[in-house]
Amino acid sequence: MQELHDAPLAPLTTFRLGGPATRLVTATTDAEVIAAVREADDTGTPLLLIGGGSNLVIGDKGFDGTALHIATRGFSLDGTTLELAAGEIWTDAVARTVEAGLAGVECLAGIPGSAGATPIQNVGAYGQEVSATITEVTAYDRRSRETVALSNADCAFSYRHSRFKADPERYVVLRVRFELEDAGGLSAPLRYAETARALGVEAGDRVPLTAARETVLKLRAGKGMVLDPEDHDTWSAGSFFTNPILTDEQFAAFRSRVAERLGDAVEPPAFPAGEGRVKTSAAWLIDKAGFTKGYGTGPARISTKHTLALTNRGEATTEDLLALAREVVAGVHEAFGVTLVNEPVTVGVSL
C-alpha cells in the first residue's frame with residue numbers, strides 16, 4: 001500500500017476541490033482495502049473512502065483522518081456474467097461490455113467514477129440503472145468484520161439510493177457482479193425518449209450496442225457530462241441535485257406555484273414515481289427559477305451546457321461552490337416551494 005501524509009485530495013476528485021487528508025492510503029487489492037479499514041476502525045481513526053472521486057465535495061480544510069483510495073482492478077466476463085473490482089474505471093468497463101456484445105449498461109457510458117460506487121448511488125442515466133443488472137455485491141462489513149455477499153434484494157435499491165448509502169459507515173464495496181444480456185449485438189430496449197430521438201427510433205426499440213453507447217456519449221458531452229481536463233464544464237460532479245419526488249398533494253401545490261409564476265399554460269415535467277408520488281425535473285426547476293446555463297460571476301458557476309451541473313472554473317474553493325449551491329436551493333424553494341437535495345456526498349461541509 002502506498003501511504004502519504006498531509007496529502008492533497010483535490011486531484012482525486014472531479015471537482016478538483018478540497019483540502020488535504022492527514023493520511024492518504026492507496027489500496028490495490030481487496031486485502032489491502034480490508035487491512036486499511038480494520039486499522040482505522042481499531043484505532044478509532046475517521047475514514048474517508050475515495051473511488052473515482054466523481055461524487056465528492058470535500059471541504060477546504062480537508063479531512064482529519066485516513067483517506068483510503070480504492071484502486072483495485074479486475075474485469076471478469078463469464079458468459080453474460082460480469083464481475084468488476086471496486087476500483088475499476090466505470091466508463092472503461094462499459095466500453096468493454098459493448099465490445100463483448102453484451103447489453104444492459106451501454107446507456108451508462110461516460111459516467112465518471114469507479115465500479116464500486118455504482119451500487120451505492122444506484123447509478124442511472126438515459127433510461128438505465130445499475131439496479132436492473134446487479135445481481136450481487138461483495139463488501140466488507142465493518143460491523144461484523146467479515147466479507148459478505150449481498151443480493152440485489154439485500155441492496156435495497158431505489159432512486160439514487162441503496163442500503164450502502166443509507167448506512168455509509170457500515171459497508172465497503174469490494175466487487176460488483178452484473179448479469180448482462182446477449183441480444184445479438186443489440187442494446188437493451190431504449191427507455192429514454194431523448195436517446196431514441198437521437199437514434200431515430202421509437203422508445204422500446206433496440207439498436208446496435210455501439211450506436212447506443214456512442215449516442216449517449218455525444219449527448220453527455222453536449223451537456224459537459226464527459227470528463228475533459230481542458231473543459232471546465234466537466235470540472236463538476238455531474239448532476240449536483242437529484243430530481244425531486246413529490247407526493248400527489250405536494251405536486252398539486254407545486255403546479256399552482258408554477259401557474260402563478262409562469263402562467264396557466266405551463267405544465268411542469270411529471271413522471272410516475274410509484275403510487276401517490278410524482279418525480280419532476282431538477283434541471284427544469286433551476287432554469288425556471290432564473291438560474292440559467294452559465295449563471296454566476298465567480299469561480300464557481302452553473303455549467304454553460306447544463307443547468308444541473310455546478311462547476312469549478314479553475315480557481316474555485318469548496319466554499320465558492322457551496323455558496324452557489326445554497327443560492328440555487330434557496331431560489332428554487334422561493335420560486336416553487338420545492339427543496340432540492342444535493343446528490344454528491346459532502347465531507348466536512350454541508351449545504
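Residues numbered from 1 in each chain as written. Predicted model: local features only at pLDDT ≥ 70, side-chain atom pairs only at ≥ 80, totals over all residues. Heavy atoms only, no water.

**Q** Got a minute to help me understand the packing of aromatic side chains in this structure?
**A** Any pair of aromatic rings gets described here by the distance separating the centres and the angle formed by the planes. The final tally for this structure, using the stated rule, is 10 aromatic pairs. Both rings, one in Phe254 and one in Trp284, keep their centres 6.3 Å apart while their planes meet at 90°; by these two values the pair is edge-to-face. A residue pair is termed long-range when its members are at least 10 positions apart, and Phe254 in helix α7 (residues 248-262) and Trp284 in helix α8 (residues 282-288) qualify at 30 residues. This pair shows no difference in class: Phe254 is buried, exactly as Trp284 is. Relative to Phe336, the ring of Trp284 has its centre 5.9 Å away and its plane inclined at 40°; by these criteria the two rings are tilted. Of the two residues, Trp284 is situated in helix α8 and Phe336 in helix α9 (residues 318-336); the sequence distance between them amounts to 52 residues. Residue Trp284 shares its accessibility class with Phe336, and that shared class is buried. Between Arg96 and the ring centre of Phe75, over which it is positioned, the NZ or CZ distance is 3.8 Å. (Phe/Tyr/Trp six-rings, centres within 6.5 Å; stacked < 30°, edge-to-face > 60°. Helix = DSSP H or I, 4+ residues; strand = E, 2+ residues; numbered from the N terminus. Buried < 20%, exposed > 50% of the residue type's maximum accessible area, 1.4 Å probe, protein only. Lys NZ or Arg CZ within 6 Å of the ring centre and 35° of its normal.)

**Q** How should the layout of surface pockets be read in this particular structure?
**A** A water-sized probe rolled over the atoms picks out the places where empty space is left. Taken as a whole, the second largest pocket spans an internal volume of roughly 370 Å³. Lining the second largest pocket are 22 residues; nearest its centre among them are Thr14, Gly52, Ile89, Gly113 and Leu227. Class assignment of the residues belonging to the lining of the second largest pocket gives a composition of 9 nonpolar, 11 polar and 2 charged. (1 Å grid on protein atoms, 1.4 Å probe; cavity = no way out; pocket = protein on both sides within 12 Å on 5 of 7 lines; lining within 4 Å. Points joined across faces, edges and corners; volume = space filled by probe spheres on them. Nonpolar A, V, L, I, M, F, W, Y, C, P; charged D, E, K, R; others polar.)

**Q** Help me understand the packing of α7 against α9 in this model?
**A** Their axes nearest at 8 Å, the elements α7 and α9 cross at an angle of 90°. Taken together, the axes of α7 and α9 lie roughly perpendicular to each other. Between α7 and α9, the contacting residues are Phe254, Arg257, Val258, Arg261 and Leu262 on the first element and His333, Glu334, Ala335 and Phe336 on the second. In the contact of α7 with α9, the residues fall into 5 nonpolar, 1 polar and 3 charged. (Axes fitted to C-alpha atoms, helices over the stretch in contact; angles between N-to-C directions. Parallel < 35°, antiparallel > 145°, perpendicular 65-115°, else oblique. Contact = heavy atoms within 4.5 Å.)

**Q** Please explain the side chain of Thr118 as it appears in this structure.
**A** Mapped onto the fold, Thr118 is located in helix α3 (residues 118-121). Excluding residues that lie within four positions of it along the chain, Thr118 makes contacts with Trp90, Val123, Val130 and Phe178.

**Q** I would appreciate a short explanation of the pairing of strand β2 (residues 20-27) in the present structure.
**A** Look at any regular strand and the pattern is simple: side chains alternate between the two faces of the sheet. Burial analysis of β2 places 6 of its 8 residues in the buried class, the great majority of the element. Sheet topology places strand β1 (residues 2-8) next to β2; 6 bridges connect them, and they run antiparallel. Paired with Ala7 across the strands is Ala21, a residue of β2. Here 6 bridges tie β2 to strand β5 (residues 63-70), and the two strands are oriented parallel to one another. Bridge pairing in β5 links Val25 to Leu68. (Pairing = 2+ DSSP bridges.)

**Q** Sorry, what's going on with helix α1 (residues 30-43) here?
**A** Given a rise of 1.5 Å per residue, 14 residues ought to cover 20 Å, and the 20 Å separating the end C-alpha atoms of α1 matches this to within 8%. Every buried residue belonging to α1 is among Val33, Ile34, Ala36, Val37 and Ala40, and all of these are buried. Projected down its long axis, α1 carries its buried residues within an arc of 165°, all on one side. Exposed side of α1, more than 90 degrees from the buried face: Ala31, Asp42 and Thr43 are the residues found there. The elements touched by buried residues of α1 are β2, β3 (47-50), β5, β10 (134-141), β11 (146-151) and β12 (171-179). Positive phi shows up at Gly44, right after α1, with a value of about 70°. (Expected span 1.5 Å × (residues − 1). Arc of directions from axis to C-beta.)

**Q** Just to check I follow, could you spell out the nonpolar core for this structure?
**A** It is characteristic of soluble globular proteins that their nonpolar side chains tend to be buried jointly. Formed by 50 residues in total, the largest nonpolar core has its most connected members in Val33, Leu68, Leu84, Trp90 and Phe178. The dominant element in this core, judged by the number of residues it contributes, is β12, at 6 residues. When near neighbours in sequence (up to four residues on either side) are disregarded, Leu84 contacts Gly74, Phe75, Trp90, Ala93, Ala115, Leu174, Arg175, Val176 and Phe178. Residues Ala289, Phe291, Leu308 and Ala316 belong to the second largest nonpolar core, which totals 35 residues. (Core = buried A, V, L, I, M, F, W, Y, C linked by side-chain atoms within 4.5 Å.)

**Q** Explain helix α2 (residues 90-99) to me, please; I cannot follow it from the model alone.
**A** Each turn of an α-helix holds 3.6 residues, which means side chains three or four residues apart point in the same direction. All of the buried residues in α2 are Trp90, Ala93, Val94, Ala95, Thr97 and Val98. Looking at the buried positions of α2, the neighbouring elements they touch are β6 (75-78), β7 (81-85), α3, β12 and α6 (209-222). Phi turns positive one or two residues past the end of α2, at Gly101, with a value near 80°.

**Q** Hey, could you run me through the sheet that holds β11 in this one?
**A** In a beta sheet, neighbouring strands pair by backbone hydrogen bonds and run either parallel or antiparallel. Read from one edge to the other, the open sheet built from 5 strands follows the order β6-β7-β12-β10-β11, with strand pairing classed as antiparallel. Both edges of this open sheet fall to β6 and β11, since each of them pairs with a single strand only. On average, each strand axis in the sheet is tilted by 20° relative to the strand beside it, whichever way the strands run. Of the strand pairs in this sheet, β10 and β11 are connected by 6 bridges, and their pairing is antiparallel. Residue pairing in the sheet places Tyr140 in a bridge with Thr147 of β11. Across the sheet, α1 is in contact with β10, β11 and β12; its angle to β12 comes to roughly 150°.

Honestly, it's all geometry; don't read function into it.
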